[in-house]
Protein chains: 2
Amino acid sequence: MRRTSRDIRTANRSEVLRRIIARSPASRQELAAATGLSLATVATLVGELLDLRMITEVGYEDSAGGRPRGLVAVDASGGVLIGVDIAETYVRVELFDLALTPRARDEQEMRPGENRPEQVVARVVAGVGAVVARAGEAASRVLGIGVGVPGQIDRDRGVCAYAANWDWHEVPLLELLAEHLAHPLYLDNPLRACTVAELWFGAARGREDAVVVNLGTGVGAGLALGGGLHRGVSNSAGEWGHTTLVPDGRPCHCGNHGCVEAYAGAPGIMRSLRELDPGSPLLHPEDQTATIDALARGVAARDPVALEVVRITAGHLGTGIADLVNLLNPEVVVLSSWVAATLGEPLLDEVRKAVGRYALGRPFAATEIVLSPVPTDPVCLGAATFALEGALRSAGRRPAHRTAPPVRRSAPSP
Amino acid sequence: MRRTSRDIRTANRSEVLRRIIARSPASRQELAAATGLSLATVATLVGELLDLRMITEVGYEDSAGGRPRGLVAVDASGGVLIGVDIAETYVRVELFDLALTPRARDEQEMRPGENRPEQVVARVVAGVGAVVARAGEAASRVLGIGVGVPGQIDRDRGVCAYAANWDWHEVPLLELLAEHLAHPLYLDNPLRACTVAELWFGAARGREDAVVVNLGTGVGAGLALGGGLHRGVSNSAGEWGHTTLVPDGRPCHCGNHGCVEAYAGAPGIMRSLRELDPGSPLLHPEDQTATIDALARGVAARDPVALEVVRITAGHLGTGIADLVNLLNPEVVVLSSWVAATLGEPLLDEVRKAVGRYALGRPFAATEIVLSPVPTDPVCLGAATFALEGALRSAGRRPAHRTAPPVRRSAPSP
């Protein structure tokens, strides 16, 4: 289906705000040039953003000989946004101003076995309370809360349909959260949050087609195609971690064998290390973070085992990324999440070499492969961006934006 | 980048015409409801299409109690479009009216070794002349010619950058054709032509996200994402045939090993047959078409070797398609091109089973897998659609649409 007029207006409003966030102050003329929209359209959209108090007039600039041009900038006082990163071992909450600059941060540790939905919800609620208090904000100024949950998310129903690590099935998470949090809530998968963070603030900004390869405990490939997030028909696009890399290879927790994740996720990298050198001092059997940290230090010290593990991992990743490059012909492939951040440039160099071996010449020549430049937790940032996009979508729908925003309640689960 | 106002207007104009082609006659009110555009926008776009003489007023319908509503339909007399399918063994040319109904057809055989650019161009020119004569049309009524060429196409320069089967490098095909054909010319890859044919007239129509798996001598996966063709940054998206399926597997002509194409392309299927039963009477060593035909007849007769070859082929395809389903979460996967058409339902059934074994449950449940319903040569149809889209893009640009349209000349090759 073509997008409706409302979709297009919302997308254009997002794009104008994104440009203003990227470079403030800005004139309507600059925004028209940067977006390709007409000056009249930009003026209308800027007016809507002013009405929403998301931006503000900040003065004038001289234009050569002509009338002085009005400048606008993000209205840092217009409200705040909260992003939540729910992970297997922690719940991280960050509060941002409307320019998506972090203002306060909280991290709650999740103890092993502490994984019932009510326990996770309690951590989120405590974290939200903590960042609002720390930032010295009134709760009424929170325009929305975005929440990243590792699992298959049904956004329409606000339900976590499945989360493998916690064995969650059909958990009505949005409803559980809404019992405690009277703000618009936006639930999604961390992979999509990271991808949106790259689109708005990272290596995918201004790019038509980008792939965000997420390397953590799990592995995924967030797709930013045509300048926007590609979700797929049931919001599960990006499950690249369960692409078969080695037929009849290592078993994967998804039930298949030889998946990318079984080789390039942190536990897979640990297994490669164990296979290469079972007694390696780099190996911390119960601690992924400590092992990946030790590998990074080993690479820096030119430890041959560490170098070989990175080379093996990059070889697997490179085969898989070459397939993505051939299939999607993206402008940029971004390596994101904590494993990529920890192993850094040495991993990137080996991945580039491996992709070059397997990809076709023409798409490979057209693709940059980079580390994520996002300096903060990309899941919190992306989740807060979902909340910002939600607030933009609601523009013109709410009768008065200063009244308490409605809570988006999900339907009760069956 | 967001799309510009011009892009959006062109896309909306295409969408309105597509709806009119799908169901004529139509009222502006029906078109507004079907597209989600405002009635005012639809009225403007319909006016542009009337000015272009692509559609025509065909009367009125009563609306319950209100004013009679004007109806429009495709103007079959508004001009004709030509689609060309250049393949390794033939050049097929079809002439269509503006509703994309075939009106005339020509096929020129290419003899083995007859593969120099001038020889191919001569076949195309002869075919175009033949279909124009056969349809009894004046050459001036041809609004555009779309040409599908198997290779890497640089559309901006009108150059075939690389065609493996003919060892073409940097062939300035558009320029060579324009020396003989004074019509707007649109060059692209057959994979993209097939995908556009499915988008406008086939199983991807009205779908947000579709994958068109092309099974012929070569193998590819055309991507229709967000309701439009996904080209990638250098127009090479869809090179799924060179995804690694079996590490260190069969050699592929791309230089790698174990590519999907080495198992699921017609020569790969022949190799599977030869490996299973070297003396099989189904095998016609030098003739792909005869072998695939014999396999299809063997399957119909429950020949165990034929059944096993289809099962093996579907197993390889299923692994690869499962990865596409996981990554892209499409609404529909379409099996297209001559191998899919010849092996038909028995292949489809086995592919569905294999995808179900390897794909994740949630995206698999959301995806239909179907055979292409396009009844004519999809490359000719898609190439003619490129010409139609080109004519729509030029709307409002040409001072008078009844004068001879300008030839799109490519820059000379270096």
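Residues numbered from 1 in each chain as written. Chains lettered and ligands numbered in written order. Predicted model: local features only at pLDDT ≥ 70, side-chain atom pairs only at ≥ 80, totals over all residues. Heavy atoms only, no water.

1. Thoughts on the side chain of Asp85(B)
All names here are of chain B. Quick note on the threshold: Only DSSP runs of H or I with at least four residues qualify as helices, and only runs of E with at least two residues qualify as strands; both kinds are numbered from the N terminus onward. The buried label goes to any residue with under 20% of its type's maximum accessible area, the exposed label to any with over 50%, and the partly exposed label to all in between, with areas taken from a 1.4 Å probe on protein chains only. Positive charges come from Lys and Arg, negative ones from Asp and Glu, while His and the chain ends are left out of the count. Within this document, salt bridges are pairs made up of a side-chain nitrogen of Lys or Arg and a carboxyl oxygen of Asp or Glu, the two lying within 4 Å of each other. Whenever a nitrogen or oxygen atom comes within 3.5 Å of another N or O atom, the pair is scored as a polar contact, on the condition that within protein one atom can donate a hydrogen and the other can accept it, and that pairs from neighbouring residues in sequence are kept only if both atoms are in side chains. A contact between two residues is defined here by any heavy atoms of the two lying within 4.5 Å.
Relative to the helices and strands, Asp85 resides in strand β4 (residues 80-86). For the buried Asp85, which has no salt bridge, the nearest side chain bearing the opposite charge is Arg92, at an N-O separation of 4.4 Å. A polar contact is formed between the side chain of Asp85 and the side chain of Tyr90, at a distance of 3.3 Å. Beyond its immediate stretch of four places on either side in the chain, Asp85 contacts Tyr90, Val91, Arg92, Gly148, Asp377, Val379 and Cys380.

2. Here we look at the sheet that holds strand β5 (residues 90-97) of chain B
Residue and element names in this part refer to chain B. As a reminder, the rule being used: At least two DSSP bridges between two strands are required for those strands to pair. Geometry is summarised by axes, namely lines fitted to C-alpha atoms with helices restricted to the contacting stretch, and by angles between N-to-C directions that run from 0 to 180 degrees.
Spatially, the five strands line up as an open sheet ordered β6-β5-β4-β7-β11, and their pairing is mixed. In this open sheet, the two edge strands, each paired with only one partner strand, are β6 (102-109) and β11 (185-188). Strand after strand, the sheet turns through a mean of 15° between neighbouring axes, direction not considered. Pairing of β4 with strand β7 (residues 142-148), which is carried by six bridges, proceeds in the parallel orientation.

3. Here we look at the sheet that holds strand β11 (residues 185-188) of chain A
Residue and element names in this part refer to chain A. Taking strand neighbours across the sheet as the criterion, the five strands line up as β6-β5-β4-β7-β11 in an open arrangement whose pairing is mixed. Single-partner strands in this sheet number two, and they are β6 (102-109) and β11. Shown here is a sheet whose adjacent strand axes are inclined to one another by a mean of 15°, direction ignored. Running over the sheet, helix α4 (residues 117-135) touches β4 (80-86), β5 (90-97), β6 and β7 (142-148) and is turned about 150° from β6.

4. A word on the relation of the copies chain B and chain A
Rules: Least squares is the method used to superpose the copies, on C-alpha atoms of residues holding a pLDDT of at least 70 in both.
Each copy of the sequence occupies a distinct position, and chain B is placed on chain A by a rotation of 180° and an axial shift of 0.0 Å, giving an RMSD of 0.1 Å. One copy is carried onto the other by what is essentially a two-fold rotation axis. Comparing interface residues between copies, 100% of those in chain B also sit at the interface in chain A, which points to an isologous, same-surface contact.

5. Here we look at the nonpolar core
Using the following cut-off: We define the nonpolar core as a collection of buried residues of types Ala, Val, Leu, Ile, Met, Phe, Trp, Tyr and Cys that are connected through side-chain atoms lying within 4.5 Å of one another.
Counting residues in hydrophobic clusters, the biggest one holds 95 residues, and the most contacted among them are Trp240(A), Ile321(A), Trp240(B), Ile321(B) and Leu328(B). Residues contacting Trp240(B), with those up to four places away along its chain left out, are Leu327(A), Val213(B), Val219(B), Gly220(B), Ala221(B), Val260(B), Leu317(B), Gly320(B), Ile321(B) and Leu324(B). Of all hydrophobic cores here, the second largest spans 48 residues; its members include Val196(B), Leu199(B), Ala203(B) and Val370(B).

6. Some points on the pattern of salt bridges
By the definition in use, this model includes 46 salt bridges over all chains. By sharing partners, the salt bridges in this structure join Arg155(A), Asp188(A), Arg192(A) and Arg231(A) into a single network.

7. Some remarks on the interface of chain B and chain A
For clarity, the threshold we go by: Summed over both partners, buried area is the accessible surface (1.4 Å probe) that two parts give up on being assembled.
Taken together, the 61 residues of chain B in the interface contact 62 residues of chain A. Buried surface at the junction of chain B and chain A, both sides included, amounts to about 4,900 Å², of which 49% is carbon and sulfur. Joining chain B to chain A, the criterion identifies zero salt bridges. Linking chain B to chain A there are 23 residue pairs in polar contact (both at pLDDT 80 or more). Broken down by secondary-structure element, the contributors of at least two residues to the side of chain B that touches chain A are α1 (5-22), β8 (152-154), β13 (219-225), α10 (304-328), α11 (338-358) and α12 (361-365) of chain B.

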